[in-house]
Amino acid sequence: MELNLSAAAPEAADLIKDVSEATFMADVVEASQTVPVIVDFWAPWCGPCKTLGPLLEDAVRAAKGAVKMAKVNVDEAQGIAGQLQIQSIPTVYAFYKGQPVDGFQGALPPSEVTAFVERVIKAGGGETQADTLQDAVAAADEMLAEGAFEDAAQTFQAILEEDPAHAGAYGGLVRVHIATGDLDHAEAVLNGAPIEISKSPELEAAHAQLELARQAANAGPVDEYRAAVEANADDHQARFDLAQALHAHGDAEGAVAELLELFKRDREWNDGAAKTQLFTIFDALKANDPVVLNGRRKLSSMIFV
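Analysis parameters
Residues numbered from 1 in each chain as written. Predicted model: local features only at pLDDT ≥ 70, side-chain atom pairs only at ≥ 80, totals over all residues. Heavy atoms only, no water. 1 Å grid on protein atoms, 1.4 Å probe; cavity = no way out; pocket = protein on both sides within 12 Å on 5 of 7 lines; lining within 4 Å. Points joined across faces, edges and corners; volume = space filled by probe spheres on them. Helix = DSSP H or I, 4+ residues; strand = E, 2+ residues; numbered from the N terminus. Nonpolar A, V, L, I, M, F, W, Y, C, P; charged D, E, K, R; others polar. Domains from an automatic or database assignment. Buried < 20%, exposed > 50% of the residue type's maximum accessible area, 1.4 Å probe, protein only. Arc of directions from axis to C-beta. Contact = heavy atoms within 4.5 Å.

Going by an unreviewed UniProt entry, the protein carries the name Thioredoxin-1 and comes from Pseudosulfitobacter pseudonitzschiae.

Written out as structure tokens, the structure reads:
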């Protein structure tokens, strides 16, 4: 299944207009009845305007119709500037339903410009690109849970075409390849992720999931390790192997219990392997998973006892 996240966007001329006093009512007040309109008050002699204007235009285009932009040259529209009490430029107002709903003065860095545009979209009841992509990630996660691996992979790929640094989509692709047993491909996806998202929670979780999947491929029989532990409770290697085997068979709670017992008996064994393995399991699961919450609480009580 292919998912097209790039709905036909309005032409740039419809999204961004040069507005005069004669067209202000139509292009701003009336147009804002249906979609928010960001008004950029500028002048040709204004240095900061030359930086801010293109940033606003890029953010508006990226919103693909969820917001529009009007550019007002204050030298040519002094009546409008006076009515709105424009004291300095650049000044930016956002209108919705004919009324100002947000605004700022002076130049802003790109991240704050993007945040402003997203606020304006939400004020108008619209969805930002981030919202849309997050909905798509949730849909792909559901496909993955249902075993529709190809559909999930195509959806995650489509998200990355829209946002090449979307950590959720990268993590999802890794999970797809893990689920299909293609661990080398999963590692290649992780290694190819942009450096700015390499420490994101989604990528950290994907690293942990891949490590656990590689362990699972080499895990031995649960019964054999359990018998060894029952025969000698201080056989730390057997208990550690039992934890890995339990996790490989889908028993994360049982694995955590064995690792906590190992940590309790000898927290320094094998350079603190029990604690390291516990954190790998915790990282691979959602932060609010009961296994994580209970496991972290019990581990903390042992550490700080």
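Now that the structure has been shown, the text picks up again.
(A) Main features of the layout of surface pockets. By volume, the largest pocket is sized at about 500 Å³. Along the walls of the largest pocket sit 18 residues, with R175, E202, A205, Q209 and K286 positioned nearest its centre. For the lining of the largest pocket, the secondary structure elements donating two or more residues are α6 (129-145), α8 (167-179), α10 (201-217) and α14 (269-284). In terms of residues, the lining of the largest pocket owes the most to one element, α10, which gives five residues. Classifying every residue of the lining of the largest pocket gives seven nonpolar, four polar and seven charged. Counting only domains with at least three residues in the lining of the largest pocket, you end up with domain 2 (130-217) and domain 3 (219-304). Of the volumes computed, that of the second largest pocket is approximately 390 Å³.

(B) Inspection of helix α11 (residues 222-231) at higher detail. Looking at α11, one finds that the buried residues are V222, Y225 and V229. Projection of α11 onto a plane perpendicular to its axis shows the buried side chains occupying an angular sector of 75°, all on one side. Exposed side of α11, more than 90 degrees from the buried face: D223, E224, E230 and A231 are the residues found there. The inward-facing, buried residues of α11 abut α12 (236-248).

(C) Here's a closer look at empty space enclosed by the protein. In the structure shown here, the tally under the stated rule is one cavity of 30 Å³ or more. What the largest cavity holds in volume is close to 30 Å³. The wall of the largest cavity is formed by L212, Q215, A216, Q244, H247 and A248. Of all the secondary structure elements, the ones that give two or more residues to the lining of the largest cavity are α10 and α12. Here the lining of the largest cavity is composed, by residue class, of three nonpolar, three polar and no charged.

(D) Inspection of the environment of G98 at higher detail. Residue placement: G98 occurs in the loop between β4 (91-96) and β5 (99-105). Given the relative accessible area of 16%, G98 is considered buried. Between the C-alpha atoms of G98 and A167, which are 69 residues apart in sequence, the distance is 38 Å. If we ignore the near neighbours within four places in the chain, the residues touching G98 are V29, S32 and Q33.

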